[in-house]
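Structural overview for review
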Amino acid sequence: MPVLVINVDHVATLRQQRLGKEPDPLTAAHMAELAGARGIIVHLREDRRHIQDHDVELMARTLKTRLHLEMAATEEMRSIALSCETRQPHMVCLVPEKREELTTEGGLAVAGREAFLKDYLAPVHAAGILSSLFIEADEAQVRAAAAIGCPYIELHTGHFADAPTRAAQRAERDKIVRAIGLARSLGLSVNLGHGLNYDNIYDFAEVPGISEFSIGHSIVARAVLTGFERAVADMAAIIARFPA
């Protein structure tokens, strides 16, 4: 059955508004684990707008579940992923990154860059770290990801989440479902993420082949009103009812 993996970036976003110590994304990550999350995601951006280097190191050292490190395909980020002192991330997920964006706006361009990305990830794979590519639900991108040898992809669900009408949303969902089927036929495991919330996630309740739901903003937003453990537990309970 699919599992819930929590992105705690926006806990760090709130902390960085005052450049202080609260709220602590590490504490949030530990609470998420206790409430049913099966992994924690952090995106260490080049501009360090939310998660900081020490957050990654502390999480790698203390989490009981899995740490997923989202990052751009740069030399700096690969060095950080490989140099965690105590325990390296369970997985790195390569994402596109632009300074002017509020959050990740779309999938990574993989098709046409297979040789570069394969070489870039070679030391990561050699270190025993799993890899994933955050991509659009597009046949060319899925096939390119399989050619690189990544065991996972994460399909961008933002267009589905932002669709202005129910018909448009269904069309975007259908693209994602087709991409899941293709990816699974090519031997890839599939995660979904971006814009998923307590309502629209039900559109994937009957979709087979999903390994993980990566969710952050909607859980942090609900946590402001209900508390972090409750917000995580509510989402984990929804996903636990989905069939394998």
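Structural data are supplied above this passage.
Keep in mind that what you see is a predicted model, and the values were worked out from it rather than measured.

**So, the overall build of the protein chain**
Within the protein chain, the regular secondary structure consists of 10 helices and 8 strands. Over its C-alpha trace the protein chain gives a radius of gyration of 17 Å, about what one expects of a compact globule, namely 18 Å for 244 residues. Per-residue burial for the protein chain yields a buried fraction of 50% across its 244 residues. Considering only intrachain contacts with a sequence separation of at least 6, the fraction spanning at least 24 residues in the protein chain is 68%. For the protein chain, the computed accessible surface area is about 11,000 Å², with 52% contributed by carbon and sulfur atoms. Computing the positive centroid from 26 side-chain charges and the negative centroid from 32, the protein chain places the two 3 Å apart.

**Some remarks on empty space enclosed by the protein**
Counted according to the given criterion, the structure contains 1 cavity of 30 Å³ or more. Each pocket or cavity is described by its volume, and for the largest cavity that value is around 50 Å³. Around the largest cavity, the lining residues are Ile-41, His-68, Glu-70, Met-91, Cys-93, Ser-132, Glu-154, Asn-191, Glu-212 and Ser-214. Elements with a minimum of two residues in the lining of the largest cavity: β3 (66-71), β4 (91-94) and β8 (210-215).

**Concerning the sheet that holds strand β1 (residues 3-7)**
Strand pairing in a sheet relies on backbone hydrogen bonds, with the paired strands running either antiparallel or parallel. Pairing is parallel around the closed barrel formed by 8 strands, whose spatial order is β1-β2-β3-β4-β5-β6-β7-β8. The average angle at which neighbouring strand axes cross in this sheet is 25 degrees, direction not considered. The pairing of β3 with β4 spans 4 bridges and is classified as parallel. Paired with Leu-69 across the strands is Val-92, a residue of β4. Running over the sheet, helix α8 (residues 166-185) touches β6 (152-156), β7 (189-193) and β8 and is turned about 155 degrees from β7.

**Some points on the packing of aromatic side chains**
This structure, assessed with the given rule, holds 4 aromatic pairs. Centroid distance Phe-213 to Phe-242: 5.8 Å. Interplanar angle 80 degrees. Geometry classified as edge-to-face. With Phe-213 in strand β8 and Phe-242 in the segment after α10 (228-240), the pair connects residues that are 29 residues apart, well separated along the chain. For the residue pair Phe-213 and Phe-242, the accessibility class agrees, reading buried in each case. Taken together, the aromatic side chains of Tyr-202, Phe-213 and Phe-242 make up a single cluster linked through ring pairs. Sitting over the ring of Tyr-120, Arg-78 keeps its end group 4.7 Å from the ring centre.

**A look at unusual backbone geometry**
With the exception of glycine, most residues fall at negative phi, and the peptide bonds are largely trans. Backbone torsion omega between Glu-22 and Pro-23 reads -10 degrees, so that peptide bond is classified as cis. The backbone phi angle of Arg-48 is positive, close to 55 degrees, even though this residue is not glycine. Positioned with a positive phi, His-194 is a non-glycine residue whose angle comes to about 110 degrees. Tracing the sequence through the fold places His-194 in the loop between β7 and β8.

**Brief notes about the nonpolar core**
The biggest cluster of nonpolar side chains holds 73 residues, and the ones touching the most others in it are Ile-6, Leu-133, Leu-192, Phe-213 and Phe-228. If you tally residues by element for this core, the top one is α10, at 7 residues.

**A short note on the environment of Arg-173**
Mapped onto the elements of the fold, Arg-173 is located in helix α8. Taking the C-alpha atoms as reference points, Arg-173 and Ala-137, separated by 36 residues in sequence, lie 9.4 Å from one another. Non-local contacts of Arg-173, meaning those with residues more than four positions away in its chain, are made with Phe-160, Asp-203, Phe-204 and Val-207. Of note is the side chain of Arg-173, whose polar atom sits 2.6 Å from the backbone oxygen of Asp-203.

About the thresholds
- Numbering of residues begins from 1 in every chain and follows the order in which that chain's sequence is written.
- This being a predicted model, a pLDDT of at least 70 is required before a residue's local features are given, and a value of 80 or more before pairs of side-chain atoms are given or counted; all residues contribute to the totals for chains, interfaces and linings.
- Excluding hydrogens and water, the side-chain figures rest on all heavy atoms present in the structure.
- Secondary structure elements follow DSSP: runs of H or I no shorter than four residues count as helices, runs of E no shorter than two count as strands, and numbering proceeds from the N terminus.
- Just to be clear, the radius of gyration here is over C-alpha atoms, and the globule rule we use is 2.2 Å times residues to the power 0.38.
- The buried label applies to any residue whose accessible area, calculated with a 1.4 Å probe on protein chains only, is under 20% of its type's maximum; exposed applies above 50%, and partly exposed to all values in between.
- Here a residue-residue contact requires only that any non-hydrogen atoms of the pair lie within 4.5 Å.
- Using a 1.4 Å probe, the Shrake-Rupley method yields the accessible areas, and only the shown protein chains count as cover for residues.
- Charge assignment: positive for Lys and Arg, negative for Asp and Glu; neither His nor the chain ends contribute.
- Here the site of a charge means NZ on Lys, CZ on Arg, CG on Asp, or CD on Glu.
- In this analysis, the protein atoms alone were mapped onto a 1 Å grid. Cavities are point sets where a 1.4 Å probe fits without being able to get out; pockets are open sets with protein on both sides within 12 Å along at least five of seven lines; lining residues have an atom within 4 Å of a point.
- Grid points are joined across faces, edges and corners, and a volume is the space filled by probe spheres set on the points.
- What makes two strands pair is DSSP finding at least two bridges between them.
- Axis lines are fitted through C-alpha atoms, for helices just across the contact stretch, and the angle between N-to-C directions can take any value from 0 to 180 degrees.
- Only the six-membered ring of Trp is used, alongside the rings of Phe and Tyr, when aromatic pairs are assigned; centres must lie within 6.5 Å, and planes under 30 degrees apart are stacked while those over 60 apart are edge-to-face, with the rest tilted.
- Over a ring means this: the NZ of a Lys or the CZ of an Arg is within 6 Å of the ring centre and within 35 degrees of the ring normal.
- In plain words, nonpolar cores are sets of buried Ala, Val, Leu, Ile, Met, Phe, Trp, Tyr and Cys residues tied together by side-chain atoms within 4.5 Å.
- Here a polar contact means two N or O atoms within 3.5 Å. Within protein one must be a hydrogen donor candidate and the other an acceptor candidate, and residues neighboring in sequence count only if both atoms are side-chain atoms.

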